[in-house]
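Residue-level structural notes
Chain by chain, the residues:
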Amino acid sequence: MIIIDNLHAQIDGKAILNGLSLTINGGEVHAIMGPNGAGKSTLSYVLAGRAGYEVTSGSVTFMGEDLLAMAPHERAAAGVFLGLQYPVEIPGVSNLMFLRTALNAQRYRRDEKEASGAEFMKLAKAAAEELGLPYEMLKRSVNQGFSGGEKKRNEMVQMAVLEPKLAVLDETDSGLDIDALRVVSDGINRMRSPERATLLITHYQRLLDYVVPDYVHVLVDGRIVRTGGPELAHELERDGYVSMAA
Amino acid sequence: MTALAPLLSAMPTRREEDWRYSDIAAVARAWPVVPETITIAAGDSAAQLIVQDAAPGSASIRQLAITLAAGARLTLHIINSGGAYGRIALDVTLHEGAHFELGGIIIATGEQVLEIITTVRHAGPGASSNQIVRCVAGGTATATYLGKVAVARAGQKTDAAQSFKALLLDRGATANAKPELEIFADDVKCAHGATVGELDKMALFYMESRGLPPVTARALLMRAFLSDALVSMADEGEREAAEARVTALLA
């Protein structure tokens, strides 16, 4: 589904990714773990196309297309979803309006039929219910006044409605208590299918108890230094990242 | 009416404080200006929307003298977006217990110079006024809000508030804001605030990452920002119509 090959990227002239390679196939869940500053969030922003994250060499091929040549909204329509570590508040724009505009903009770009008001409402209601977010909250401004956990649930509501092919979830587990972690994990697991892939970016092994990955990668200094199965996450939890850096 | 006399006489110059950001060449095309008057009788309430959508390249100046008798209320909304030069100037006198509510929007693009100038005179005790002005300016446009609140000696217990916020979309755009207070009573509350900023880049990225094209994301953010000035429209149908007008202007 996605092939990241020897990716180098920098911010303000400072190299952050130094030759990162990673291939994710449909149906797989990969986890990237690493210490602060390893380049985890940078990878997620580079994949989503945030301005200021400059790719200096390497390539990213998504569904056979050059992902890096696409604008952020084109990547979204192609099926890339980025769950943000810190979801943004947008005063004056309601969640429902935002999400419906997003869904229909994506569908329009894919030459698909736009969702009617009724169809959209059904999708949003179902997603909100599954993720334990009161539907009434979706009538409020995007993420405004939401707690940390509510923001993360809201990200998962958006993901459920937008149905991406590749979900890149940047520290979706941070700021969640145990109950919320379970609900959000269930949300991620429900989306697992042979046509979809997930890239979990996380500090801690905790999330991986609920969303069991096929592969765990260790990112240090902008490169993947080790790859293994779920057991690698436990090893990291026990020994720390320092043992990997060597 | 004495307060209006200067406007009817000679052409203003940029040396005059109220005209210092104006496009004087354009002012000349609209001169002389015939003032309009609005009078709200004691205890009455009224609401009005002023739309300045003059033809491209033209100049439009409106000068309104507004008097609110004791206990009267006026809710005024302005959408100032037309012409090369568009100025809406209000001179409002509030008598005892009157309330004046202003929601002003300026949408300036290209080389437009658009202005909202207000003088709110709290002539009697216990009157209140609330002015919310929001503007977006792009290109090399200039958007100006000059808001003067004058509290007379008799204007005890005045409660006046002014809030101005501007978004600059391009490097060449300008926003001018000047709240001015002239207070001769000692028991008053006069609040004012002004901010000038840019569209929130992180919010734009967030919206784009969900599939909104940049133009749509920008328009949504601008509409949300400007809609602060329309919140005080009591009639839902009129508010939606005004929002639709603003949305069309941002497209």
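Residues numbered from 1 in each chain as written. Chains lettered and ligands numbered in written order. Predicted model: local features only at pLDDT ≥ 70, side-chain atom pairs only at ≥ 80, totals over all residues.

The secondary structure content of chain B amounts to five helices and 12 strands. Here the C-alpha radius of gyration of chain B, 18 Å, is about what a compact globule of 251 residues would show, namely 18 Å. Counting all 251 residues of chain B, 44% fall into the buried class. Taking the contacts inside chain B whose residues are at least 6 apart along the sequence as the reference set, 82% of them involve residues at least 24 apart. (Helix = DSSP H or I, 4+ residues; strand = E, 2+ residues; numbered from the N terminus. Rg over C-alpha atoms; globule rule 2.2 N^0.38 Å. Buried ≥ 20, exposed ≤ 12 C-beta atoms within 10 Å, placed from the backbone. Contact = placed C-beta atoms within 7 Å.)

Moving on, we get to the packing of helix α4 (residues 214–226) of chain B against helix α5 (residues 236–250) of chain B. Residue and element names in this part refer to chain B. For the pair α4 and α5, interaxial distance at closest approach is 10 Å and the crossing angle is 140°. Taken together, the axes of α4 and α5 lie oblique to each other. The interaxial crossing formed by α4 with α5 has right-handed handedness. On the side of α4, the interface is formed by A219, M222, R223 and L226, while α5 contributes V246, T247 and L250. Residues of the contact of α4 with α5, tallied by class, amount to five nonpolar, one polar and one charged. (Axes fitted to C-alpha atoms, helices over the stretch in contact; angles between N-to-C directions. Parallel < 35°, antiparallel > 145°, perpendicular 65-115°, else oblique. Left-handed = near helix turned anticlockwise from the far one by under 90°. Nonpolar A, V, L, I, M, F, W, Y, C, P; charged D, E, K, R; others polar.)

So, about the pairing of strand β12 (residues 223–228) of chain A. All names here are of chain A. As defined by bridge partners, strand β11 (residues 215–220) adjoins β12 across five bridges and the pair is classed as antiparallel. Considered in β12, the bridge of V220 is made with R223. Hairpin connection between β11 and β12: a loop of two residues separates the two successive antiparallel strands, and D221 in this loop has a positive phi of roughly 50°. (Pairing = 2+ DSSP bridges.)

An ideal rise of 1.5 Å per residue puts 21 Å on 15 residues; helix α3 (residues 95–109) of chain A measures up with 21 Å between its terminal C-alpha atoms. Along α3(A), the residues classified as buried are N95(A), F98(A), L99(A), R100(A), A102(A), L103(A), A105(A) and Q106(A). Elements in contact with the buried residues of α3(A): α2 (72–78), β7 (90–94), α4 (117–130), β8 (141–142) and α5 (148–162) of chain A together with α4 of chain B. Once α3(A) ends, the next one or two residues include D111(A), with phi positive near 60°. (Expected span 1.5 Å × (residues − 1).)

Once that is clear, we can look at the interface of chain A and chain B. Each partner contributes residues to the interface: chain A has 20 residues there, and chain B has 16 residues. The set of elements that each furnish at least two residues to the side of chain A that touches chain B consists of α2, β7, α3 and α5 of chain A. Among the residues making up the side of chain A that touches chain B, the classes are represented as 14 nonpolar, five polar and one charged.

All names here are of chain A. Contact geometry for α4 and α5: axes closest at 9 Å, N-to-C directions at 140°. Taken together, the axes of α4 and α5 are oblique relative to one another. Crossing of α4 over α5 shows right-handed handedness. Together, L123, A124, A127, A128 and E130 of α4 and V157, A160 and V161 of α5 make up the contact between the two elements. Its residues assigned to classes, the contact of α4 with α5 shows seven nonpolar, no polar and one charged.

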